[in-house]
Amino acid sequence: MASFDDIVLSPDPRLKQRCAEIEEVTPEVRALAERMLDDMYLAYGCGLAAPQVGELVRLVVIDCDYAGTDNRNPYVLINPRIIAADGEERDFAEGCLSFPGISVTVTRPSHVIVEAEDLEGDTLRYEASDNLMAVCLQHEIDHLDGKTMVDYLGPIERARALAECRKAIEEGALPGEVGDEE
Ligand code: ZN
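Residues numbered from 1 in each chain as written. Predicted model: local features only at pLDDT ≥ 70, side-chain atom pairs only at ≥ 80, totals over all residues. Heavy atoms only, no water.

A few points about the coordination of the zinc ion
Around the zinc ion, the protein supplies C96 (SG), H139 (NE2) and H143 (NE2) as donor atoms, at distances of 2.0 to 2.3 Å. All donor residues of the zinc ion come from one chain, and their arrangement in sequence is C-x42-H-x3-H. Of this pair, H139 and H143 both sit in helix 2 (residues 132-144), separated by four residues, roughly a single helical turn. (Donors = N, O, S within 2.8 Å, 3.2 Å for Na, K, Ca; no water. Helix = DSSP H or I, 4+ residues; strand = E, 2+ residues; numbered from the N terminus.)

A word on the state of the cysteines
This structure, assessed with the given rule, holds zero disulfides. As a non-bridged cysteine, C136 has C46 as the owner of its nearest cysteine sulfur, 3.7 Å distant. In this structure C136 comes out as buried when scored by relative accessible area, which is 3%. (Disulfide = S-S within 2.5 Å. Buried < 20%, exposed > 50% of the residue type's maximum accessible area, 1.4 Å probe, protein only.)

Let's talk about the pattern of salt bridges
Two side chains bearing opposite charge may form a pair once their charged atoms approach each other closely. For the structure shown, the criterion picks out 13 salt bridges. R18 is paired through a salt bridge with D145; the nearest N and O atoms lie 2.8 Å apart. With R18 in the segment before helix 1 (27-42) and D145 in the loop between helix 2 and helix 3 (155-170), this pair connects stretches of sequence that are 127 residues apart. For R18, a relative accessible area of 59% corresponds to the exposed category. Three or more residues joined by partner-sharing salt bridges are found here, namely R81, E115, E117 and R125. (Salt bridge = Lys/Arg side-chain N within 4 Å of Asp/Glu carboxyl O.)

Observations regarding the sheet that holds strand 1 (residues 47-49)
Across the sheet, five strands lie side by side as 1-2-3-4-5; this open sheet has antiparallel pairing. Only two strands of the sheet have a single neighbouring strand rather than two, namely strand 1 and strand 5 (123-129). Mean inter-strand twist for the sheet, computed between neighbouring axes without regard to direction, equals 30°. Here strand 4 (residues 104-117) runs beside strand 5; their pairing, made up of seven bridges, is antiparallel. Looking across to strand 5, one finds that H111 is bridged to S129. Against the sheet, helix 1 touches strand 1, strand 2 (59-62) and strand 3 (75-94), its axis set at about 40° to strand 2. (Pairing = 2+ DSSP bridges. Axes fitted to C-alpha atoms, helices over the stretch in contact; angles between N-to-C directions. Contact = heavy atoms within 4.5 Å.)

Here's the deal with the side chain of E117
Along the chain, E117 turns up in strand 4. A polar atom in the side chain of E117 sits 2.7 Å from the side chain of R81. Not counting chain neighbours up to four residues away, the residues in contact with E117 comprise V76, L77, I78, N79, R81, D122 and T123. (Polar contact = N/O pair within 3.5 Å; in protein donor to acceptor, adjacent residues only side chain to side chain.)

Focus on the nonpolar core
Formed by 20 residues in total, the largest nonpolar core has its most connected members in M36, L48, L59, V61, V76 and I78. Among the elements of the structure, helix 1, strand 2 and strand 3 are those that each provide at least two residues to this core. Ranked by residue count, the leading element in this core is helix 1, at seven residues. Ignoring anything within four residues of it in the chain, the contact list for M36 reads L48, A49, A50, V53, L59, V60 and V61. Counting 17 residues, the second-largest nonpolar core is a separate cluster that includes C64, A134, I141 and L144. (Core = buried A, V, L, I, M, F, W, Y, C linked by side-chain atoms within 4.5 Å.)

Some remarks on the packing of aromatic side chains
For the structure on display, the rule yields one aromatic pair. Here the aromatic rings of Y75 and Y126 are separated by 5.3 Å at their centres, their planes lie at 75°, and the arrangement is edge-to-face. Taken together, the residues Y75 in strand 3 and Y126 in strand 5 connect sequence positions 51 residues apart. The ring of Y41 carries the charged tip of R72 above its face, separated from the ring centre by 3.8 Å. (Phe/Tyr/Trp six-rings, centres within 6.5 Å; stacked < 30°, edge-to-face > 60°. Lys NZ or Arg CZ within 6 Å of the ring centre and 35° of its normal.)

Describing the environment of C165
Along the chain, C165 turns up in helix 3. Exposure remark for C165: the relative accessible area of 0% places this residue in the buried category. Ignoring sequence-local partners within four residues, the contact set of C165 consists of S10, F99, P100 and I102.

Spatial relationships are all this shows, so hold off on functional conclusions.
In structure tokens form, the structure reads like this:
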């Protein structure tokens with residue numbers, strides 16, 4: 001059952017861990033992917049990484065297509081690897097389901113190629129350029145190495161963003177709610 005309570009919020013230490021490779025697609029891995037997709041759709045997110053539901057394994061789910069529609073096009077990426085990240089750098093105001101109430105402008109390469117296994121164990125290649133998918137792939141894979149969007153900020157900005165997030169959580173902001181960008 002999808003639940004906002006399932007989503008790990010900043011500053012939980014599980015968001016800072018390097019996650020383990022998945023050796024085999026077991027029923028538990030399938031169930032985890034289902035649970036993550038349910039939570040992601042509940043919160044209207046475009047991506048979710050396993051540590052965000054407290055599981056320290058290299059699994060992410062992404063759907064950049066459905067926002068505001070019923071067109072679900074979920075991707076499940078097991079052990080995703082960035083093969084290339086290049087092209088012009090782009091600024092994008094990112095949100096994160098683990099950081100309610102804030103968005104953070106992050107500069108990333110605009111073009112990315114990622115390889116990952118799917119739930120059938122097949123290796124698939126994803127390529128994205130200059131779109132939400134390019135941002136989302138990099139943001140979610142960062143989570144698997146314990147890196148979050150606030151880590152791109154300098155120390156003062158980061159402290160301010162974390163304080164704003166903490167306040168938003170105290171005031172009842174739910175995952176997926178993003179405040180005004182500064
Ligand atoms: Zn995130």
